[in-house]
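# Overview (structure and organization)
For reference, the chains in residue letters:
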Amino acid sequence: VKTFSGMLVAQDCSFGECPPLDVLVVPGGMGERLENHNPVILEFIRRRAPEVRTLASVCTGAFLLAASGVLDGRSATTHAASIDRMKEFFPKVKVEEGVRFVEDGKFITSAGYSSGIDMALRLVAIHFGEEIARATARHLEYPYPEDNYRVVEG
């Protein structure tokens, strides 16, 4: 896969050969609009959702999660420029504005690109503890996200 910036990404296996996962992160970006009706990708997300500990998306990757149906009845966010489009296409999703990421159970969606860093630090905290997440943020010279995100209780 060639990214928007020209970087090449190679896979280690096909969707069918993919081993069990603890975390699945679905990226967004320009390719999302090309793939949000891809039945192979959507079925992979649907099939893996029950077994992963965390299912996350960055930016407009939330559209792939929503199109797969796993966000129905859940809170989520996406890039600010795509909020209205998400609300229009996925009325069963509680789309939240003005937050860097939304955590609803094991589903975590982030807003724009840099919000993915905040979400990634939250993933580190969930899987390895807050102390390690804070140390990671210090090493990156990045402010640890203290607020401007939403954790849905219940």
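Heads up: the structure comes first, above all this text.
Reading the values: the criteria
- Residues numbered from 1 in each chain as written.
- Predicted model: local features only at pLDDT ≥ 70, side-chain atom pairs only at ≥ 80, totals over all residues.
- Heavy atoms only, no water.
- Patch = residues over 30% accessible without salt bridge, like charges linked within 9 Å, V, L, I, M, F, W, Y side chains within 5 Å.
- Areas by Shrake-Rupley, 256 points an atom, 1.4 Å probe, with all protein chains shown as cover.
- Salt bridge = Lys/Arg side-chain N within 4 Å of Asp/Glu carboxyl O.
- Helix = DSSP H or I, 4+ residues; strand = E, 2+ residues; numbered from the N terminus.
- Buried < 20%, exposed > 50% of the residue type's maximum accessible area, 1.4 Å probe, protein only.
- Expected span 1.5 Å × (residues − 1).
- Contact = heavy atoms within 4.5 Å.
- Axes fitted to C-alpha atoms, helices over the stretch in contact; angles between N-to-C directions.
- Left-handed = near helix turned anticlockwise from the far one by under 90°.
- Nonpolar A, V, L, I, M, F, W, Y, C, P; charged D, E, K, R; others polar.
- Pairing = 2+ DSSP bridges.

Taken together, the side chains of Val-1, Met-7 and Val-9 make up a nonpolar region of the molecular surface, amounting to roughly 310 Å² of accessible area. Within the element layout of this structure, Val-1 appears in the segment before strand E1 (23-26). For Val-1, a relative accessible area of 74% translates into the label exposed.

A few words on the pattern of salt bridges. Scanning the entire structure with this criterion turns up 8 salt bridges. With its nearest N and O atoms 2.5 Å apart, the salt bridge here joins Lys-87 to Glu-97. Taken together, the positions of Lys-87 in helix H4 (residues 83-89) and Glu-97 in the loop between strand E4 (94-95) and strand E5 (101-104) put the pair 10 residues apart, joining distant regions of the chain. Assessed through its relative accessible area of 36%, Lys-87 is described here as partly exposed. Among the ionic pairs, Glu-130 bridges to Arg-134, the shortest N-O distance being 2.7 Å. Within this pair, Glu-130 and its partner Arg-134 are both found in helix H6 (residues 130-140), separated by 4 residues, close to a single helical turn. Residue class for Glu-130 comes out partly exposed when judged on its relative accessible area of 42%.

With that out of the way, let us pick up helix H5 (residues 115-128). Over its 14 residues, H5 runs 20 Å from end to end, which matches the ideal 20 Å to within 8%, given 1.5 Å per residue. Taken together, the buried positions of H5 are occupied by Ser-115, Gly-116, Asp-118, Met-119, Leu-121, Leu-123, Ala-125 and His-127. Among the structural elements, E1, strand E2 (54-57), E5, strand E6 (107-110) and H6 are those in contact with the buried residues of H5. Positioned one or two residues after H5, Gly-129 has a phi angle of 105°, which is positive.

What follows concerns the packing of H5 against H6. Viewed as axis vectors pointing N to C, H5 and H6 meet at an angle of 150°, and their least axial separation amounts to 7 Å. For the pair H5 and H6, the crossing hand works out as right-handed. Every residue of H6 that contacts H5 at Leu-121, Val-124, Ala-125 and Phe-128 is listed here: Glu-130, Ile-132, Ala-133, Thr-136 and Ala-137. Residues belonging to the contact of H5 with H6 are distributed by class as follows: 7 nonpolar, 1 polar and 1 charged.

We now examine the environment of Lys-92. Following the sequence through the fold, Lys-92 ends up in the loop between H4 and E4. Given the relative accessible area of 58%, Lys-92 is considered exposed. Taking the C-alpha atoms as reference, Lys-92 lies 18 Å from Leu-55; in sequence the two are 37 residues apart. Residue contacts for Lys-92: discarding those within four places in its chain leaves Leu-71, Asp-72, Gly-73 and Arg-74.

Attention now moves to the side chain of Ser-82. Along the polypeptide, Ser-82 turns up in the loop between strand E3 (75-76) and H4. By relative accessible area, which is 8% here, Ser-82 ends up buried. Ignoring anything within four residues of it in the chain, the contact list for Ser-82 reads Thr-60 and Phe-63.

Right, let's talk about the pairing of E5 for a bit. Here E5 shows two buried faces, one formed by Phe-101 and Glu-103 and the other by Val-102 and Asp-104. Judged from the 4 bridges that link them, E5 and E6 form a sheet pairing that is antiparallel. Counterpart to Asp-104 in the pairing with E6 is Phe-107. Between E5 and E6, which pair antiparallel and follow one another directly, the connecting turn spans 2 residues, one of which, Gly-105, has a positive phi of 65°. In the sheet, E5 pairs with strand E7 (residues 150-152) via 3 bridges, with the strands oriented parallel. Residue pairing across strands places Val-102 opposite Arg-150, the latter belonging to E7.

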